[in-house]
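Here is what each chain is made of, one letter per residue.
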Amino acid sequence: MVPLEDMIISRMRNAMKLPAPSPTRHAALTQEDALKFHSRGKPGKFEISATKPMATQRDLSLAYSPGVAVPVQAIADNPDRIYDYTTKGNMVAVVSNGTAILGMGDLGPLAAKPVMEGKAVLFKRFADVDSVDIEVDTTDVDAFINCVRYLGPAFGGINLEDIKAPDCFIIEARLRELMDIPVFHDDQHGTAIISAAGLLNALHLTGKRLSEITLVCNGAGAAAIACVELVKAMGVKNDNVIMCDSRGVIYKGREKGMNQWKSAHAVETDRRTLAEALDGADVFFGLSVAGALTAEMVKNMAVDPIIFAMANPDPEITPEEVASVRDDAIMATGRSDYPNQVNNVLGFPYIFRGALDVRARTINDEMKIAAARAIAELAREDVPDEVAAAYGQKRPHFGPEYIIPAPFDPRLIARIPQAVAIAAMDTGVARKTIVDLEAYEMRLKARLNPIAGLMQNIFQSVRQNPARIAFAEGEEEQVIRAANEYANSGLGTPVLVGREHKIRKTISENAIDLNANIEIVNSLLTERNEDYADMLYERLQRNGYLLRDCQRLVNFDRNIFAACMVSMGDADAMITGVTRNYSVALENIRKVIDPRPGHVIIGLSIVLGSSGPIFIADTAMHDMPTARELADIAVEAAGVTRLFGYEPRVAMLAFSTFGHPRGERSGQVREAVEILDHRHVDFEYDGEMAADVALNIEAMAAYPFCRLSGPANVLIMPAVHSAGISTKMLQEIGGTTVIGPLLIGLDKSAQISPMNTTATELVNMAAIAAFSANG
């Protein structure tokens, strides 16, 4: 669960006078952080934007009257055409009445809206499913059903969310009967599907079978019942499952605290407590409260116990507690800071994606099981570079600590929807048949741009290998905020370089809740000054610098000081640029840090857009590069592209394309290609070519001899002015995000941000600096 939810549940605990949770290993967001996030810019988390041009009178006439009358009549004549002419086939309603918001209880439909908006953006981010939130102002079950049942024409599916039990059971069952589109209560089935996937893999590792295991589920709410029902549908025997609630074992004949949903899972047993139920059990499912499972109970479980402690924010038992008594257990929790997180985002976006793509009438057990099996199978495969990066370049492998895939695995979008769609077709609930499954898989992959997860993967990688980062301009407010966010995000230890009294004053004036892990270093007062000055003097003494000059630089130039920290191992990387021009900051850094042996220093910008990641070089260093320098730049850029998890296809850009029209710079670019030919580099490259040929596969087709297998993702510019103009223009026009220029080729990691950058952008640059230091 995300830290914000930890904060919310902490509030719930206080209101209910529950025991406080144990300290977590990730820093919680503050209430101020959360409120600012939701209020800045346009309030809320998403907006609706047009997918068709709206620039001319003709556009408006086609979009509305009179042009819109044509699809209206077409749909009236054939209702199935609604999928061709409207958003219905890619639109889900996220519906709630706010009676069970994040475990906080019944706070009403208005309070539910931020959560439902969040759900909507997760649909879009992970599966390219469009979604809108609908908050229904009633706690009457019949009235709620009567409202939602008539929404079918507008949506391809209904995602129910944060509705209290037992109302959620009744509402979902009735709506599934009344509507001919999928109705899915994610609080129940999402957790069930992900935990079932983890269970399949845990059984695979232990050699146990679904039909033979005994399972104890502690908790009898919506999610717990859904988990039990799904594993039973998958093959666990009814008599082998014992469900417990706050009163103990749910057994046949029990009268207190019972309802029809609990009664359906009552069994004949003489066991009455959780401890008794767990004696000899193979599997524990926890959907209850922290501390419900004790080490003594774990001791009494069967050989190779499987323990899914899914209570949030703190599990029923921690992995450390289990490890203290058992060395053969496989664990999963709901926490992101432990291995094997049971995270619903692995399920609901992709399940709806598959259901929508075949126009399913419902989401049945077979589709849920197919999703669980697809998730389980994916975890058993070698992970891609993107996931390896998230694990700090230590590539995870299927095993006790990796039985559930990482949420940012780019293969999820292709695997789970396809499995769900096939199950829907096989069970007869699909209205559309997908004949060419290979083509469907390609369409799924094209829906999401892997670069959208670039920064998330970098953050995950750095969290695995936290880095000590020197923030050279530590007295600036946005730098302090960035350092604070860096620490709160669990990326490592920030070091603010500056005068402590001034930093403290800025912190106080801006009410910044400073993370305790942040360090402040005054370059005048540190005992490392003499060492830094001696090192700098040794480097610069033959360039006109006296020892006192070097001492002055260390004492008063914070870029010099931060670079010395990195050079002498007191920091892993540094970040600067807020108060000085790029060239000035670079000159200071170069006084201290050399190029990496065998490399050249370049500036590389990453353009994040809908067509994929584009790496552009050189955007900072070489004004009018020679042919040899262009070849060197290409090699550096290709290497960085691979570091970020992408296979480079390098286009050497020019005004001309393969000899026409002729020009002086074009000749340099052609010569650079010849140099690369002689070097026998191990990446795709060609040139010279214009940008449209490099990026447009149709334009490239006019040159069948071109050696690129597809559109280029690395563009080597013929001069720094063309690179700078292009990237800045893209950034200002909109529709893309430009990161950089990143400083590449130094022997130690340092990054220079644009002046007046935001705290968030600084954090991104600091994370990239840390990532580079780790790599």
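Residues numbered from 1 in each chain as written. Predicted model: local features only at pLDDT ≥ 70, side-chain atom pairs only at ≥ 80, totals over all residues. Heavy atoms only, no water.

Quick look at a nonpolar patch on the surface
Next, step 1: Residues Leu524, Leu525 and Phe556 make up a contiguous nonpolar surface patch of about 360 Å² in total accessible area.
Next, step 2: Within the fold, Phe556 resides in helix α24 (residues 547–556). (Patch = residues over 30% accessible without salt bridge, like charges linked within 9 Å, V, L, I, M, F, W, Y side chains within 5 Å. Areas by Shrake-Rupley, 256 points an atom, 1.4 Å probe, with all protein chains shown as cover. Salt bridge = Lys/Arg side-chain N within 4 Å of Asp/Glu carboxyl O. Helix = DSSP H or I, 4+ residues; strand = E, 2+ residues; numbered from the N terminus.)

Focus on the nonpolar core
Side chains of a nonpolar character, in soluble globular proteins, are inclined to be buried together.
Next, step 1: Formed by 104 residues in total, the largest nonpolar core has its most connected members in Ile158, Leu160, Ile193, Leu199, Phe285 and Met367.
Next, step 2: A per-element tally of this core places helix α10 (residues 222–234) first, with 10 residues.
Next, step 3: In this structure, Ile458, Ala467, Phe471 and Leu676 belong to the second largest nonpolar core, which totals 64 residues. (Core = buried A, V, L, I, M, F, W, Y, C linked by side-chain atoms within 4.5 Å. Buried < 20%, exposed > 50% of the residue type's maximum accessible area, 1.4 Å probe, protein only.)

Some thoughts on the pairing of strand β16 (residues 612–617)
Next, step 1: Of all 6 residues in β16, 6 are buried, a share of seventy percent or more.
Next, step 2: Pairing of strand β15 (residues 602–609) with β16, which is carried by 6 bridges, proceeds in the antiparallel orientation. In the sheet register, Leu604 faces β16, and the bridge partner there is Ala617.
Next, step 3: Across 3 bridges, β16 lies against strand β19 (residues 714–716) in parallel orientation. Of the residues in β19, the one forming a bridge with Phe615 is Val714. (Pairing = 2+ DSSP bridges.)

Some points on the environment of Tyr646
Next, step 1: The residue Tyr646 is located in the loop between α27 (627–643) and β17 (649–653) in this model.
Next, step 2: On the basis of relative accessibility, which here comes to 11%, the residue Tyr646 falls in the buried class.
Next, step 3: C-alpha of Tyr646 to C-alpha of Asn713: the two residues are 67 residues apart in sequence and 8.8 Å apart in space.

A word on the layout of surface pockets
Next, step 1: By volume, the second largest pocket amounts to about 530 Å³.
Next, step 2: Around the second largest pocket, the lining comprises 29 residues; the ones closest to its centre are Arg596, Ile744, Gly745, Leu746 and Ser772.
Next, step 3: When contributions to the lining of the second largest pocket are tallied by element, the ones reaching two or more residues are α27, β20 (737–744), β21 (749–752) and α32 (759–774).
Next, step 4: Taken together, the residues of the lining of the second largest pocket sort by class into 14 nonpolar, 9 polar and 6 charged. (1 Å grid on protein atoms, 1.4 Å probe; cavity = no way out; pocket = protein on both sides within 12 Å on 5 of 7 lines; lining within 4 Å. Points joined across faces, edges and corners; volume = space filled by probe spheres on them. Nonpolar A, V, L, I, M, F, W, Y, C, P; charged D, E, K, R; others polar.)

A short note on the sheet that holds strand β12 (residues 492–497)
Across a sheet, strands are paired by hydrogen bonds formed along the backbone, either parallel or antiparallel in direction.
Next, step 1: In spatial order, the strands read β13-β12-β11-β14-β21; together these 5 strands make up an open sheet with parallel pairing. With partners counted over all chains shown, the strands left at the sheet margins are β13 (519–521) and β21, one partner each. Across the sheet, the mean angle from the axis of one strand to that of its neighbour is 25°, orientation sign disregarded.
Next, step 2: Strand direction decides the pairing type here: β12 and β13, joined by 3 bridges, are parallel. Across the sheet, the residue bridging to Val495 is Glu519, located in β13.
Next, step 3: Along the sheet, helix α21 (residues 477–488) makes contact with β11 (467–471) and β12, crossing β12 at roughly 165°. (Axes fitted to C-alpha atoms, helices over the stretch in contact; angles between N-to-C directions. Contact = heavy atoms within 4.5 Å.)

Details of the packing of α24 against helix α25 (residues 558–567)
Next, step 1: Viewed as axis vectors pointing N to C, α24 and α25 meet at an angle of 90°, and their least axial separation amounts to 5 Å. With respect to α25, the element α24 is oriented roughly perpendicular. Across from Leu553, Val554 and Phe556 in α24, the residues of α25 making contact are Arg558, Ile560, Phe561 and Cys564.
Next, step 2: A per-class count over the contact of α24 with α25 returns 6 nonpolar, no polar and 1 charged. (Parallel < 35°, antiparallel > 145°, perpendicular 65-115°, else oblique.)

Description of the pairing of strand β3 (residues 157–160)
Next, step 1: By the alternation rule, side chains of β3 split into Gly157 and Asn159 and Ile158 and Leu160, which are all buried.
Next, step 2: In the sheet, strand β1 (residues 91–96) pairs with β3 via 4 bridges, with the strands oriented parallel. Bridge pairing in β3 places Val95 opposite Leu160.
Next, step 3: Of the strand pairs in this sheet, β3 and strand β4 (residues 183–185) are connected by 3 bridges, and their pairing is parallel. Among the inter-strand pairings, Ile158 is bridged to a residue of β4, identified as Val183.
Next, step 4: Each parallel crossover has a hand, and the one from β3 via helix α8 (residues 167–178) to β4 is right-handed. (Right-handed = clockwise from strand over helix to strand, strands pointing away.)

A look at the confidence of the model for the protein
Next, step 1: Predicted confidence across the protein gives a mean pLDDT of 89, with 93% of residues reaching 70 or more.
Next, step 2: Here residues 1–27 is a poorly scored stretch, pLDDT under 50, and it has 46 contacts once near neighbours within four places are set aside; other chains count. (pLDDT = per-residue confidence, 0-100.)

Observations concerning the state of the cysteines
Next, step 1: Following the criterion strictly, the structure yields 0 disulfides and no others.
Next, step 2: Just so you know, Cys550 is unpaired, no disulfide at all, and the nearest cysteine sulfur is the one on Cys564, 8.9 Å from it.
Next, step 3: Overall, the relative accessible area of 0% leaves Cys550 in the buried class.
Next, step 4: We classify Cys564 as buried; its relative accessible area is 0%. (Disulfide = S-S within 2.5 Å.)

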